[in-house]
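Residue-level structural notes
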Amino acid sequence: RKEVEQDPGPFNVPEGATVAFNCTYSNSASQSFFWYRQDCRKEPKLLMSVYSSGNEDGRFTAQLNRASQYISLLIRDSKLSDSATYLCVVNKNYGQNFVFGPGTRLSVLP
Amino acid sequence: DVKVTQSSRYLVKRTGEKVFLECVQDMDHENMFWYRQDPGLGLRLIYFSYDVKMKEKGDIPEGYSVSREKKERFSLILESASTNQTSMYLCASTKQGMNTEAFFGQGTRLTVV
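Counting starts from 1 at the beginning of each chain's written sequence and moves along it residue by residue. To label them, take the chains in the order written and letter them from A, then take the ligands in the order written and number them from 1. Since the coordinates come from a predicted model, pLDDT governs what is reported: local features require at least 70, and pairs of side-chain atoms require 80 or more to be given and counted, while whole-chain, interface and lining totals use all residues. Excluding hydrogens and water, the side-chain values take into account all heavy atoms of the structure.

Re the overall build of chain A
Applicable threshold: Helix and strand assignments follow DSSP, with helices taken as H or I runs no shorter than four residues and strands as E runs no shorter than two, numbered in order from the N terminus. Radius of gyration: over C-alpha atoms. The globule rule applied is 2.2 Å multiplied by the number of residues raised to the 0.38 power. Think of it in three bands: with a 1.4 Å probe and only protein chains considered, a residue is buried below 20% of the maximum accessible area for its type, exposed above 50%, and partly exposed in between. All accessibility values rest on the Shrake-Rupley procedure with a 1.4 Å probe; residue burial counts only the protein chains present in the view. When charges are counted, Lys and Arg are positive and Asp and Glu negative, with His and the chain ends excluded. Charge placement uses NZ in Lys and CZ in Arg. For Asp and Glu, CG and CD serve respectively.
Regarding its fold elements, chain A presents zero helices and 11 strands. Helices and strands appear in chain A in the N-to-C order β-β-β-β-β-β-β-β-β-β-β. For chain A, the C-alpha radius of gyration of 13 Å lies close to 13 Å, the compact-globule estimate for 110 residues. Its C-alpha atoms give chain A principal-axis dimensions of about 40 × 30 × 25 Å. In chain A, which comprises 110 residues, the share counted as buried stands at 51%. On chain A, roughly 5,100 Å² of surface is accessible, and the fraction owed to carbon and sulfur atoms is 48%. With 12 positive and 10 negative side-chain charges, chain A shows a separation of 4 Å between the mean positions of the two kinds.

What follows is the structure, given as structure tokens:
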């Protein structure tokens, strides 16, 4: 079993739709959690950190459930520019061990 | 603007050649990483380093070695390149700590022929 698993995708949604991505991790010692975004042929970039209390940044909401070892990302009112691959990332050792999920590709269609 | 810089965007090498991929960061980060990214497999960790001259194997270290002689520089070495090492290679760095962001270089697309 992979240490970090994500919805296989791809997700094709119309502009304005709400889309949710799911991620599970297997190592209960994981300390911090992130969503990264990767555009085609570009490097991954941090989208947002994920906190136990849940956090929101504009149209993006991230949730963490430590008991279920589950992370989610919700995108509301999708824009064409949201089209990318979304990577769930887990940090196990104070910045020394980042484990990436395989990513879920999102295409927002006009 | 913070930066992680990889020496090449594209490389073509022959089977059996020794290949050096260089990565430099200007953020005084303790930790540096080399990943490879392949379609359907995601990002896989090759090696990481948490200090000068220190290195740790990641998930797929076979056929690779690394060098970290200075804090800002982390080199990935393919001792004898093979066609199955054709891939996108990404370098990253992080500061030591829990909620620390990983910054990536722009990637090197290596083709071994």
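Quick word on the interface of chain A and chain B
To keep things clear, this is the line we draw: The contact definition used throughout considers only heavy atoms, calling two residues in contact when any of these lie within 4.5 Å. Accessible area that two parts lose when put together, evaluated with a 1.4 Å probe and summed over both, is termed the buried area. Here, a salt bridge means any side-chain nitrogen of Lys or Arg that lies within 4 Å of a carboxyl oxygen of Asp or Glu. Side-chain atoms alone can form a polar contact between residues adjacent in sequence; in general such a contact is a pair of N or O atoms within 3.5 Å, and within protein one must be able to donate a hydrogen while the other accepts it. Polar here means any residue other than Ala, Val, Leu, Ile, Met, Phe, Trp, Tyr, Cys and Pro, which are nonpolar, and Asp, Glu, Lys and Arg, which are charged; Gly is therefore polar.
With 20 residues of chain A at the interface, the matching set in chain B holds 24 residues. Of the roughly 1,900 Å² buried where chain A meets chain B, counting both sides, 55% is carbon and sulfur surface. For the interface between chain A and chain B, the tally reads zero salt bridges. Taken together, the connections running from chain A to chain B amount to three residue pairs in polar contact (both at pLDDT 80 or more). Contributions of two or more residues to the side of chain A that touches chain B are made by β4 (32-38), β9 (84-91) and β10 (98-100) of chain A. Ranked by residue count, the leading element in the side of chain A that touches chain B is β4 of chain A, at four residues. Considering only residue class, the side of chain A that touches chain B consists of 10 nonpolar, seven polar and three charged.

Let's talk about the state of the cysteines
Residues and elements named next belong to chain A. Basically, it comes down to this: The criterion for a disulfide is a pair of cysteine sulfur atoms lying within 2.5 Å.
Applying the stated criterion to the full structure yields two disulfides over all chains. The partner cysteine of C23 in its disulfide is C88, sulfur to sulfur 2.0 Å. Sign of the S-S torsion, about -75° for the bond between C23 and C88, identifies this disulfide as left-handed. Taken as a pair, C23 in strand β3 (residues 19-25) and C88 in strand β9 lie far apart in primary sequence, 65 residues in all.

A short note on the pairing of strand β11 (residues 104-109) of chain A
Put simply, the rule is: At least two bridges found by DSSP between two strands is the condition for calling them paired.
For strand β2 (residues 11-14) of chain A and β11 of chain A, the ladder comprises four bridges, and the chain directions are parallel. Its bridge partner lying in β11 of chain A, V13 of chain A is registered against V108 of chain A.

Concerning the pattern of salt bridges
Residues and elements named next belong to chain B. This model, assessed by the stated rule, comprises 10 salt bridges over all chains. Between R36 and D38 there is a salt bridge, with its nearest N and O atoms 2.8 Å apart. You can call R36 buried: its relative accessible area is 8%.

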